[in-house]
Structure formats: C-alpha cells, structure tokens
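# Observations on the model geometry
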Amino acid sequence: MSHPLRDMVQEAFAPLGVLARSTDHFQPRQGQTDMALAVADVVALGGSLVVEAGTGVGKTFAYLVPALLSGERVLLSTATKALQDQLYARDLPRLVKALNLPVRLALLKGRSSYLCTHRMALAREDHSATDRHTAHLLSRVETWSMATRSGDLAELPGLDERSPLIPLITSNRENCLGSQCPKFKTCFVNAARREALGADVVVINHHLFFADMAVRESGMAELLPSVRVVIFDEAHQLNETGVNFLGNQIGTAQLLDITRDVLATGLQLARGLADWQGTASALERSARELRLVVGKRQGASKLRWVGESPEDIHPGAWQQSLHDVGAACLQALRALETVSEIAPDFMRLFERVAEIAKRVQAFLEPCAHDAVRWVDVSASQIRLMEAPLDIATTVRDRLLTQGVGVKDIGQEDEAPWQDEPEAFAEPERLFAEHDGARDDDADAYPVRQRPAEDTRPRSWIFTSATLGDDPRLRWFTEPCGLESAQVLRVSSPFDYPAQAALYVPRQLVKPNDPAHSAQVAQLASDAARRLGGRTLVLTTTLRALRAIGDVMKQQLDGSGIEVLVQGEWPKRHLMERFRDGAQAGEGGCVLVASATFWEGFDVPGDALQLVIIDKLPFPPPNDPLVEARGKRLEAQGRSPFNDYFVPEAVVALKQGAGRLIRRETDQGVLVLCDNRLVTTGYGRRLIAALPPMRQLGSDADLAQALDALKPV
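Structure report, in brief. (Residues numbered from 1 in each chain as written. Predicted model: local features only at pLDDT ≥ 70, side-chain atom pairs only at ≥ 80, totals over all residues. Heavy atoms only, no water.)

All right, on to the overall build of the protein chain then. Along the backbone of the protein chain there are 27 helices and 18 strands. For the protein chain, the exposed area adds up to about 31600 Å²; of that, 51% sits on carbon and sulfur atoms. (Helix = DSSP H or I, 4+ residues; strand = E, 2+ residues; numbered from the N terminus. Areas by Shrake-Rupley, 256 points an atom, 1.4 Å probe, with all protein chains shown as cover.)

Written out as structure tokens, the structure is:
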C-alpha cells in the first residue's frame, strides 16, 4: 500500500534521510523502519496495531516519526511519570527539531504530581500536621513555588515521592475545590490542562488514562482536543493498570482521611453549627470497627470474598460493619448539607462522603458479573476491592467500537468538570484561541488546517518490548480486547550470542526450599566479588529480597562493594547511586531489588554486566484475581497453567532479563537460579522466549565469562 505518509516515513528512515542527517548516533535499522511503516499505515488509514519491538529496535522513534509527520493531533500514553518526562523533555524535542515541524507539545500528569498552592497555604497554617523535618521541606517548596512555571513536583530535587508532605501540598479528586478555589486562576493543574488544549501531541500515562475512564460515564474526559491517533508505549502494563481503576474500592485509611477533613473544616469554618466531634467520631469508629472485624493477620494478605463476607469472617459481623460505615456517612451528609453554602469546602466534602456511601452500598450488593472481590489487609488498614478480570470489554465497548474522538484524559482521580468556568465547556472555542489568537507564538506555530469533521476511523497503536511468546501475542491481545488488531513482531538487532551468556546453576536447591535464598545470595556474592560489583539481583518476593540482601551485605562486608537494597532508599536514589558508583571508579555496587526494578531500570554500558534472577516469576496462585482468571480459563476448557501462568512468567522474565543488554556494545551474563528451566517442558518454553544468548554449562564457565568482562 502506498500513501503520502508512508513515503515521508520511508524517506525519514533512509540511510541518507533526515534522521541520519540531523540526529546523533542514528543508524538505519530494518526492524525500526518496518515498525515505522506499519505505524504510518495505521495512522493514515485507521485501525489497531500491536507491535512487540525487541530491545534496541528503537521503537520510540518508530512510532513518533510517523505520528509527527502525519499532522494529526496525538495522544501518547506511557507507563510511568519518569518515562513521560523522558518523552516530553528528550525524545520529542529532538525529533521535532530534526524534522523541523511546527509542533506544540504538552505534558499532562495527575493532580498528585502538581503543587496545589491552596493546600500548601493550609499546610503552613496547620502546625499540627507537620513535624520539624516536614516543615523544613515545606519552606523549600514555598521558595520553589515562586519560581516554577509548571508546578510539577518532579522539578524539585530531593523531594522523596514517599514524603508525608506530598499529600499536604497536592490535591486529588476528592479535596479539589475546582473553580471555587481561591487559587483557581493560578492553579498549576489547570495551567497544564490549558497547555494540553493547544497542543498537537499530549503525553500522559496509563494511570491517568484509566483513572479518567473510571470516573466518567462517557469513558473519556472532555478537556483535551479530539485526537485521531492514540499510542500506548509500554503497553504490557495496560491490562493490570486498567483493572486497578475500572473496579470499585474503599479503604479504611480513606475513611480516616475524610474523618480528619470533616472535623478540621467543620471546626474551622462552621464551629457550633453542627456536631462535628460526634460526626467525626462516628466515621472514625465505623472505620476502625471495619478493620477490627477482619482481625489480626500475618503480614500483608488478600482475603477471598465470594459470598456475603470475605473468607474466615462472620457474615453477620461483616455486613453489620458495612452498614455502620454507611450510617456514619449518612450522618456526615446531613451535617454537611446544613452548611453547604458557607464555603465550597463543605460542598466538596459532601461529594466525597456521598461517593463513599455509594461504594459501601455497592459492596453490600452481589459482586458484578465477570468481576472478582477481595480484601487487601495490611498492618495499618484494609481495602475492599472489586475489579473486572481484564479490560477487554471496556476496550471493545468504550474505545474501539465507538471510534472515540479522545478528548480530555483529565487527571488522576478526577471528578467531572461540572464546576469549571464556562470556557472549559466549549473546548473547540479554546482550541481556536490557542491555534490563532496568541500573538507571542502565532508565527512559530501556524494554524494547521484540519477538517471540520473527520470520518476516518481512529488509529490505536500499542507497543512494548514484551507482549507474549506466540505469533498472535495472545497474552496481551486477549485481555485487552484486541484479538482483531494487526500484530507485528520485530526482533532485537543485538547480537545476543556474542554479547550475552545465560547460566542456569543446576546445583541449587529447589526454589521452594527454605535454603534457596541463602544459596542464591552466596552465588551472587561470589560472582559480584569476582566481577567487582556491577550486579543487579532481582527477586520475585519481598521475603527473598530481604533474605538475599541481608546475606549479601554480610558476605561482601569489607570487599569495597556497596550492597544497595530496595526499600532502604527511594528508587531514584538507588538508581543514581548504582550508576554513580561504577562511574566513579569505586569498588562497584550490587543492587538487590524486586517489583518495579524488573523494568524501567536502564543502565547501559559497564555499570551493569551481571543480572541474577532468583526464580521464575509466576503470578501467585492464591491471589484472588489470579485465581479467578484461572477458573475462567478452566470453564472455557483451556489450561490455566499453559495459557496464563506460563505466559505471565514469560513476559516478566523477558522484562527482567532485558535489564542486561541495552546497547549494541554492552556485554553481560544472565544467571537464572531456578533449575526448573532445564528439568521441565515449560522451562524450555521460557528459555526459548528469551533472547538467543549463548549458554554456560558450569560454575567454571560462569567464572570464565565474568573474568572476560573485567576491564583490562
């Protein structure tokens, strides 16, 4: 097929094309060009495309170039805020400059990413809410707030994303005052939205996308300009992200938060007009009784909830506790209704409590069809959860079949915009204003001529380095409702047999043996000492993380190798320390990590040359969501193990192994400490899904491979 966009993309990626002429280190790659042309076809003609692009293909340029050259307005969603920042601040500007295009870019994150100056002022007045350290941080934020243009807290160095200050200086859907806020005109969230209104490319994240869908019956928000092209990068996270937002949940911590807000606001703005102490006490008591009825549990756990109550909890006591929460909410609603016109704070509180009451009522009724319920239990709180098994129905019914013109993807935890100023109710008028009425940039950004009504089907592109291990990528397409999408698999251009080696130690005990973690730690310590650090140890559980981290610290004490363990420092600090330790010529670093470090940890070069994975990353079989998915496959006459558990492990294992080789010049060794890989049929399937590394047969081979990696 031939069309103008395809021809432009072909020229851009040619050996002497615009990218080769204007972009540093660009090298034509057939796989990248193939992907770019497939994206161009879908952008031009509409439809859905799923692309698995191996590490090193250059998938970012492969989807950005046709999207930018198309002249369409584009919504680009990625997995994390860090990846958003990279796309917006590095990749997109480089390409816009290289292609010499008059394209406006916008970055849109959730509310919790932006400073709320109104809540910052309240935090300063409420001395009881901050300790000495938090008060010092607040002073730094106040100083920074006078200079920042975006209000994005990611700009502020040294502010830990886990800091207790964050919820005090940011807003969410529940406590935002909207257009009634005294700081509305200078609100950073609204400024970000206005930037998005005039943008040709808007960069968001998956959490933002689904959070918006979850709170709007239409399935899309109303603020962003209509777009024809939607691109999801790191799409392997889409299903789990969507499931988390498209269900229903209530947490006792959430109940206690609103209790504090009702009491503080009532006493501050309407003292004596309602029994605020009694209202707050009823809410707090109902939350604590709900937690108590669950009883003490060993560590964090998930309780199945199939009938009237979760497992091991008396149905009568459970139902009564839920009714008590609902009754306390009704009492709070009556009190708030009497003072609703005094201040906008009370109206927002009324809406928050009403939403909780609505959710409580939903949990008193039977679970929705094709969904699963459970209770998350931790030491400090419980959360009542109900979620669909996947996002397939939502994608088919609310996205693809409607050919939706994607409008505002809003903000995380957003509420409908019924309280916004009149201008926001007429987005097309604002688009026109942004396209032509700004004298300061009218010349730099000429108005694009777009048809008044575009009848072409929407274009949906989904891409990731890991989407399954079969030709149709069913692990991804089935739960995402994309069975009819075009599928393309592009292999990595790396020379894995020359660049990487794979070792599966046969002598280790089975992964379920209590001695397994200690043996992994010993092997990792010996290997790291021989290599001089430069090692990443990935674990499948937090228990193994702690056990392996403790043993390695003992084993490597005095060696000059620093052992970093996830949880001891913020993720950003751990990544920077790992990279800096190697570059500074110190003894080197070992990082023991789990969860989020299986992906998104990018350390090219010599700083990371050994990745050790403790065991196969199967999903936990006793997890209620995993269990329900398995039962559904059984009911369909399929094998839960072969059709769900193994593909899940394949994708996770490929993500973890992908930390090792990031460039054409990288060298390294991958050690998988699970001998099921060489003793079972499914183990061979897992190895076959990995890049084709050369395989090592013994500890001596491993030692030789590590010695070969040492700098001369």
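Let's shift gears to the side chain of R291. Mapped onto the fold, R291 is located in helix α13 (residues 276–294). Within the buried set, R291 has no salt-bridge partner at all; the shortest N-O distance to an opposite charge, 11 Å, is to E289. Polar contacts involving the side chain of R291 include one to the main-chain carbonyl oxygen of G295, which spans 3.1 Å. Setting aside anything within four residues of it in sequence, one finds R291 in contact with T252, V377, S378, A379, Q381 and I382. (Buried < 20%, exposed > 50% of the residue type's maximum accessible area, 1.4 Å probe, protein only. Lys, Arg positive; Asp, Glu negative; His and termini not counted. Salt bridge = Lys/Arg side-chain N within 4 Å of Asp/Glu carboxyl O. Polar contact = N/O pair within 3.5 Å; in protein donor to acceptor, adjacent residues only side chain to side chain. Contact = heavy atoms within 4.5 Å.)

The antiparallel open sheet is built from four strands, whose spatial order is β6-β9-β8-β7. Of all strands in the sheet, those bounded by a partner on one side alone are β6 (248–251) and β7 (301–304). Strand-to-strand twist in this sheet, taken as the mean axis angle between neighbours without regard to direction, amounts to 20 degrees. Pairing between β7 and strand β8 (residues 371–377): four bridges, direction antiparallel. (Pairing = 2+ DSSP bridges. Axes fitted to C-alpha atoms, helices over the stretch in contact; angles between N-to-C directions.)

Moving on, we come to the sheet that holds strand β2 (residues 74–78). Pairing in this open sheet of seven strands is parallel, and the strands run β3-β4-β2-β5-β10-β1-β11 from one edge to the other. Every other strand in the sheet has two partners, leaving β3 (105–107) and β11 (486–490) as the edge strands with one partner each. Pairwise comparison of adjacent strand axes, ignoring direction, gives a mean angle of 15 degrees for this sheet.

Close contact between helix α12 (residues 252–269) and α13 brings their axes to 9 Å; oriented N to C, the two are set at 170 degrees. As the angle between them shows, α12 and α13 are arranged roughly antiparallel. In contact with T252, L255, L256, T259, V262, L263, G266 and L267 of α12, α13 contributes W276, Q277, T279, A280, L283, E284, A287, R288, L290 and R291. Of the residues that constitute the contact of α12 with α13, the class distribution is 10 nonpolar, five polar and three charged. (Parallel < 35°, antiparallel > 145°, perpendicular 65-115°, else oblique. Nonpolar A, V, L, I, M, F, W, Y, C, P; charged D, E, K, R; others polar.)

What follows concerns the pattern of salt bridges. Scanning all chains against the criterion turns up 38 salt bridges. The closest approach of N and O atoms between E11 and R21, which form a salt bridge, is 4.0 Å. Of this pair, E11 sits in helix α1 (residues 4–12) while R21 sits in helix α2 (residues 18–22), placing them 10 residues apart in sequence. E11 gets classed as partly exposed once you look at its relative accessible area, which sits at 39%. E664 is paired through a salt bridge with R29; the nearest N and O atoms lie 2.6 Å apart. Of the two residues, E664 is situated in the loop between α24 (640–657) and β17 (668–672) and R29 in the loop between α2 and α3 (30–45); the sequence distance between them amounts to 635 residues. For E664, a relative accessible area of 38% puts it in the partly exposed group. Several salt bridges converge on common partners, so that one network encompasses D470, R474, E478, R638 and D643.

The subject of this paragraph is the environment of P514. Note on placement: P514 falls in the loop between β12 (500–503) and α20 (516–531). Sequence separation between P514 and A544 is 30 residues, and the spatial gap between their C-alpha atoms is 10.0 Å.

Before going further, it helps to examine helix α14 (residues 315–338). Here α14 spans 35 Å end to end across 24 residues, near enough to the 34 Å set by a 1.5 Å rise per residue. W318, Q319, S321, L322, V325, G326, A328, C329, A332, L333, A335 and L336 are the residues of α14 that are buried. Packing partners of the buried residues in α14 comprise α12, α13, α15 (344–364), β8 and β9 (382–388). (Expected span 1.5 Å × (residues − 1).)

Here the focus is the nonpolar core. Side chains of nonpolar character tend, in soluble globular proteins, to be buried together. Residues V50, F462 and F476 are the most contacted members of the largest nonpolar core, which totals 59 residues. If one sorts the elements of this core by residue count, helix α10 (residues 206–215) sits on top with five residues. Those residues within four positions of V50 in sequence are excluded, and the remaining contacts are F462, L467, L473, F476, T477, L482, A485, Q486, V487 and L488. Of all hydrophobic cores here, the second largest spans 44 residues; its members include V9, A40, L92 and L105. (Core = buried A, V, L, I, M, F, W, Y, C linked by side-chain atoms within 4.5 Å.)

We now examine the pairing of strand β13 (residues 535–538). Regular strands place side chains that alternate from one sheet face to the opposite one. Of the two faces of β13, the one holding T535 and V537 and the one holding L536 and L538 are both buried throughout. Pairing analysis gives four bridges linking β13 to strand β15 (residues 589–593), with the strands arranged parallel. In the sheet register, T535 faces β15, and the bridge partner there is V590.

Phi at N100 takes a positive value of approximately 55 degrees, unusual for a residue other than glycine. Within the secondary structure, N100 sits in the loop between α5 (81–99) and β3. Note on N100: relative accessible area 67%, which makes it exposed.

Glancing now at helix α11 (residues 238–245). In terms of burial, α11 is a largely internal element, six of the eight residues being buried. Those residues of α11 lying buried are L238, N239, T241, G242, V243 and F245.

Turning to the packing of α24 against helix α26 (residues 681–689), a few remarks are in order. Look at α24 against α26: their axes get within 10 Å of each other, and the N-to-C directions meet at 40 degrees. What the angle tells us is that α24 and α26 run oblique. Along this stretch, α24 crosses α26, giving a crossing that reads as right-handed. From α24, F641, N642, V646, P647, A649, V650, L653 and K654 reach across to α26, where they touch Y682, R685, L686 and A689. (Left-handed = near helix turned anticlockwise from the far one by under 90°.)

Let us now look at the packing of aromatic side chains. Scanning the entire structure with this criterion turns up 15 aromatic pairs. On the basis of an interplanar angle of 70 degrees and a centroid distance of 5.8 Å, the ring pair of F618 and Y682 is categorised as edge-to-face. Within this pair, whereas F618 is found in the loop between β16 (610–613) and α23 (624–635), its partner Y682 is found in helix α26, the two being separated by 64 residues in sequence. On the accessibility criterion, F618 (21% relative accessible area) is partly exposed. Taken together, the ring pairs in this structure connect F209, F210, F232, F462 and F476 into an aromatic cluster. Just above the ring of W305 sits the side chain of R373; from NZ or CZ to the centre is 5.1 Å. (Phe/Tyr/Trp six-rings, centres within 6.5 Å; stacked < 30°, edge-to-face > 60°. Lys NZ or Arg CZ within 6 Å of the ring centre and 35° of its normal.)

Let us look at the environment of Y503. With respect to the helices and strands, the residue Y503 is situated in strand β12. A relative accessible area of 2% means that Y503 is categorised as buried. For Y503, the contacting residues outside a window of four places in its chain are L670, V671, L672, L696, G697, S698, D699 and L702. A distance of 2.4 Å separates the side chain of Y503 from the side chain of D699, its partner in a polar contact.

Its location among the elements puts D376 in strand β8. Sequence-distant contacts of D376, that is, excluding residues within four places in its chain, are made with S301, K302, Q381, I382, R383 and M385. Side-chain polar atoms of D376 contact the side chain of W374, separated by 3.2 Å.

Within the secondary structure, E648 is located in helix α24. There is no salt bridge for the buried E648, and the closest opposite charge comes from R629, which lies 5.1 Å off by N-O distance. Apart from the residues lying within four places of it in its own chain, the contact partners of E648 are W475, P617 and P619.

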